[in-house]
Amino acid sequence: MESGPAIFAGTAFTLFGAGLLVWTAARVRHRAPVAHGVDPTAAAVFATAAGAVLLALGVWCFGRV
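None of the values given here were measured: they were computed from a predicted structure.

Asker: Help me understand the overall build of the protein in this model?
Answerer: Regarding its fold elements, the protein presents two helices and zero strands. For a compact globule of 65 residues, the expected C-alpha radius of gyration is about 11 Å, and the protein comes in at 14 Å, more than 25% above that figure. Projected onto its principal axes, the C-alpha positions of the protein cover 45 × 15 × 15 Å. Put simply, the protein has 65 residues, and 20% of those count as buried. Of the roughly 4,700 Å² of accessible surface on the protein, a fraction of 73% belongs to carbon and sulfur atoms.

Put into structure tokens, the structure is as follows:
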């Protein structure tokens, strides 16, 4: 019964983290801004780090099942 929330959270974190990484890579590849009004390098680094953390958190949640 307790694995249900862990599966939901793991799925949400993993999908959002992977989506953020793919979106950031696509924006950087096309030399488009990742965030408007922010230094492009800082925005790309922050978005990549956030995506990696969310992906790792999702994997950790799946490990708790």
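Asker: Please clarify how unusual backbone geometry should be interpreted in this entry.
Answerer: Most peptide bonds take the trans form, and the phi angle of most residues other than glycine is negative. Unusually for a residue other than glycine, Arg31 sits at a positive phi of about 55°. Tracing the chain through its elements places Arg31 in the loop between α1 (3–29) and α2 (40–63). Residue Arg31 is classed as exposed on the basis of its relative accessible area, which comes to 78%.

Asker: Can you walk me through α2 in this structure?
Answerer: An α-helical turn contains 3.6 residues, so a residue and the one three or four places further along point in the same direction. Over its 24 residues, α2 extends 34 Å from the first C-alpha to the last, a length consistent with the 34 Å expected when each residue adds 1.5 Å. Buried within α2 we find Ala43, Ala44, Ala47, Gly51, Leu54, Gly58 and Cys61. Contact partners of the buried residues in α2: α1.

The rules we used
Per chain, residues are indexed from 1 in the order of the written sequence. Given that the model is predicted, a residue must reach a pLDDT of at least 70 before its local features are reported, and side-chain atom pairs must reach 80 or more before they are shown or counted; all residues, however, enter totals for whole chains, interfaces and linings. Based on all heavy atoms of the structure, the side-chain values leave hydrogens and waters out of the count. Only DSSP runs of H or I reaching four residues or more are called helices, and only runs of E reaching two or more are called strands; each is numbered from the N terminus. Using C-alpha atoms as the atom set, the radius of gyration is obtained and then compared with a globule rule of 2.2 Å times the number of residues to the power 0.38. Relative accessible area decides the class of each residue, using a 1.4 Å probe on protein chains only: under 20% of the type maximum gives buried, over 50% gives exposed, and in between gives partly exposed. The Shrake-Rupley method, run with a 1.4 Å probe, gives the accessible areas here. Residue values count only the displayed protein chains as cover. Here a helix's expected span is defined as the number of its residues, less one, multiplied by 1.5 Å. Any two residues having at least one pair of non-hydrogen atoms within 4.5 Å are treated as being in contact.

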